[in-house]
Amino acid sequence: MESGAGNLSELKEKILKLKKEKNALIMAHYYQRDEIQEIADFIGDSLALARRAAETDADIILMCGVHFMGETAKILCPDKKVLIPDMNAGCSLADSCDPKEFEEFVKSKPDHTVISYVNTSADVKALTDIVVTSGNARKIVEQLPADEKIIFGPDKNLGEYINSVTGRNMVLWNGACHVHDRFSLEKIAELKKEHPGAKILVHPECRRPLQLIADKVGSTAALLDFATKDDAREYIVVTESGILFEMRKKCPDKVFIAAPAEDAECQCNECDFMKMNTLEKVYKALRDETPEIKVDKEVAEKAVKSIERMLEMS
Ligand code: 13P
Ligand code: SF4
């Protein structure tokens, strides 16, 4: 039970009523708490969320995810009100790419095309030629001429993965996500011994050794799709554990095991930023129409080009 605004089912009813009255669209990333995924109109990975935001006719978009997801929606829909449940829900990966430092990096390689992962601030997107997500990075890079010089930021693990599957030699920014970068190869190997038939599903934000032992490397949506179509009974899931909710819903007869992180003391396979959002905050955001995402007009005008380029190419 959450405090202040009643129990979960009452809250859900209030949210659904407000949503109708205000013509709002509630979107949720797969890493959101189960109860938020339950009330969302649309659940997806970062690519699907951006696509869905771009085509909505709702007056309000309530983005249950982290700040950069709200910003991406706002950049794509400047005339809509974009709300997020908690303004402090940031992203360690986006924070690992300071716009000023990135600008210097870009300036130091003037003949390079700049590709940035969607997990970046609007300021970084404004310095970018093409935005990508983990769901389309390979496809987009493969459309560029083989000799194109490319800067890829900020996730070094995703960058290494894309270099390995495309044979490119993109220059990588040294950023990482505090959740995906901390999964332990040793612990996953132990888990595999206990469950020899289990397939290993790995998000490309994880380190290279984990990518190498994976049966499938992919975005949250790609991992979900693989599990749905594959014939194994058990899976070790090496990404934020929120995805297990949708996996179990889609495949009730299969067993999904959340991979442990290096530090057994902490819930390191959970993104504390994603989990800042609660159902009560969703309700309050919709009721009070705050916190609202704002993006500087000039920054948004530059950033939208790199996001639209991604949507065209994927
Ligand atoms: P997806 O692109 O697979 O949604 O993952 C991005 C991510 O890490 C969100 O935190
Ligand atoms: Fe950012 Fe990592 Fe959390 Fe995704 S899981 S929102 S990349 S900190």
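As the structure is a computational prediction, the values presented were derived from the model and not from experiment.

Visitor: Report on the site of ligand 2, specifying residues and quantitative values.
Guide: Around ligand 2 sit Tyr31, Val66, Cys91, Ser92, Asn119, Cys177, His178, His180, Glu205, Cys271 and Met274, and those are all the residues in its vicinity. Here the shell around ligand 2 is composed, by residue class, of six nonpolar, four polar and one charged.

Visitor: Hey, could you go over the sheet that holds strand β10 (residues 216-217) for me, with residue numbers and the actual values?
Guide: In space, the four strands of this open sheet follow the order β10-β9-β11-β12, with parallel pairing throughout. Since the sheet does not close on itself, it has two edges, and those belong to β10 and β12 (255-258), each with one partner. Of the strands in this sheet, β9 (199-202), β11 (234-238) and β12 touch helix α10 (residues 185-194), which is tilted by about 175° from β11. Against the sheet, helix α12 (residues 220-229) touches β9, β10, β11 and β12, its axis set at about 160° to β9.

Visitor: Describe the site of ligand 1, listing the residues and the values that go with them.
Guide: Around ligand 1 sit 13 residues, and of these His29, Ser46, His203, Glu205 and Thr220 come closest. Contact between ligand 1 and serine 134: an oxygen atom at 3.0 Å from a side-chain N or O atom of the residue. Taking histidine 203, its side chain carries an N or O atom lying 3.0 Å from an oxygen atom of ligand 1. When ligand 1 is considered free in solution it has 290 Å² of accessible area, and contact with the protein chains removes 96% of it. The residue makeup of the shell around ligand 1, split by class, is four nonpolar, seven polar and two charged.

Visitor: Tell me what's going on with the pairing of strand β1 (residues 24-29), and back it up with residues and numbers.
Guide: Summarising burial for β1: six of the six residues are buried, a large majority. Burial along β1 is two-sided: the residues Ala24, Ile26 and Ala28 and Leu25, Met27 and His29 are all buried. Where β1 meets strand β3 (residues 60-64), five bridges bridge the pair, whose relative direction is parallel. If you follow isoleucine 26 over to β3, its bridge partner there is leucine 62. In the sheet, β1 pairs with strand β2 (residues 42-44) via three bridges, with the strands oriented parallel. Among the inter-strand pairings, alanine 28 is bridged to a residue of β2, identified as isoleucine 43. Taken together, β1, helix α2 (residues 34-39) and β2 form a β-α-β motif whose crossover is right-handed.

Visitor: Let's hear about the side chain of glutamine 37: which residues, and what values?
Guide: Topologically, glutamine 37 is positioned in helix α2. For glutamine 37, the side chain forms a polar contact with the main-chain oxygen of tyrosine 30, separated by 2.8 Å. Those residues in contact with glutamine 37 that sit more than four places away from it in its chain are His29, Tyr30, Tyr31, Gln32, Ile43, Gly242, Phe245 and Glu246.

Visitor: Before we move on, could you go through the sheet that holds strand β6 (residues 130-132) and cite the residues and values that matter?
Guide: Spatially, β6-β5-β7-β8 is the arrangement adopted by the four strands of the open sheet, whose pairing is parallel. Pairing within the sheet leaves two strands with one partner each, and these edge strands are β6 and β8 (171-172). The pairing of strand β7 (residues 150-153) with β8 spans two bridges and is parallel. The partner of phenylalanine 152 across the bridge, within β8, is leucine 172.

Visitor: Break down the environment of valine 141 for me, with residues and values.
Guide: Structurally, valine 141 can be placed in helix α8 (residues 137-143). Classification of valine 141 as buried rests on a relative accessible area of 0%. With 25 residues separating them along the chain, valine 141 and threonine 166 place their C-alpha atoms 7.7 Å apart. Among residues more than four places away in sequence, those in contact with valine 141 are Ile115, Ile150, Ile162, Thr166, Arg168 and Met170.

Visitor: Just give me the short version of the state of the cysteines, but keep the residues and values in it.
Guide: In this structure the tally under the stated criterion is zero disulfides. Considering cysteine sulfurs only, cysteine 206 is the nearest to cysteine 251, which forms no disulfide, with 20 Å between them.

Visitor: Would you mind going over the pairing of β9 in detail, with residue names and values included?
Guide: Of the pairings in the sheet, the one linking β9 to β11 comprises four bridges and is parallel in character. The residue bridging leucine 201 from the neighbouring strand is valine 237, located in β11. In this view, the connection linking β9 to its parallel neighbour β10 by way of helix α11 (residues 208-213) has right-handed handedness.

Visitor: So what's going on with the packing of helix α3 (residues 46-55) against helix α4 (residues 67-76)? Which residues, and what values?
Guide: What describes two packed helices is the angle between their axes and the distance between those same axes. At a minimum axis distance of 9 Å, the contact between α3 and α4 shows a crossing angle of 30°. In terms of orientation, α3 and α4 fall into the roughly parallel class. Here the hand of the crossing between α3 and α4 comes out right-handed. For the pair α3 and α4, contact is made by Ser46, Leu49, Ala50, Ala53 and Ala54 and by Met69, Thr72, Ala73 and Leu76, respectively. When its residues are assigned to classes, the contact of α3 with α4 shows seven nonpolar, two polar and no charged.

Rules and cut-offs
Residues numbered from 1 in each chain as written. Chains lettered and ligands numbered in written order. Predicted model: local features only at pLDDT ≥ 70, side-chain atom pairs only at ≥ 80, totals over all residues. Heavy atoms only, no water. Near = heavy atom within 4 Å. Nonpolar A, V, L, I, M, F, W, Y, C, P; charged D, E, K, R; others polar. Pairing = 2+ DSSP bridges. Helix = DSSP H or I, 4+ residues; strand = E, 2+ residues; numbered from the N terminus. Contact = heavy atoms within 4.5 Å. Axes fitted to C-alpha atoms, helices over the stretch in contact; angles between N-to-C directions. Polar contact = N/O pair within 3.5 Å; in protein donor to acceptor, adjacent residues only side chain to side chain. Areas by Shrake-Rupley, 256 points an atom, 1.4 Å probe, with all protein chains shown as cover. Buried < 20%, exposed > 50% of the residue type's maximum accessible area, 1.4 Å probe, protein only. Right-handed = clockwise from strand over helix to strand, strands pointing away. Disulfide = S-S within 2.5 Å. Parallel < 35°, antiparallel > 145°, perpendicular 65-115°, else oblique. Left-handed = near helix turned anticlockwise from the far one by under 90°.

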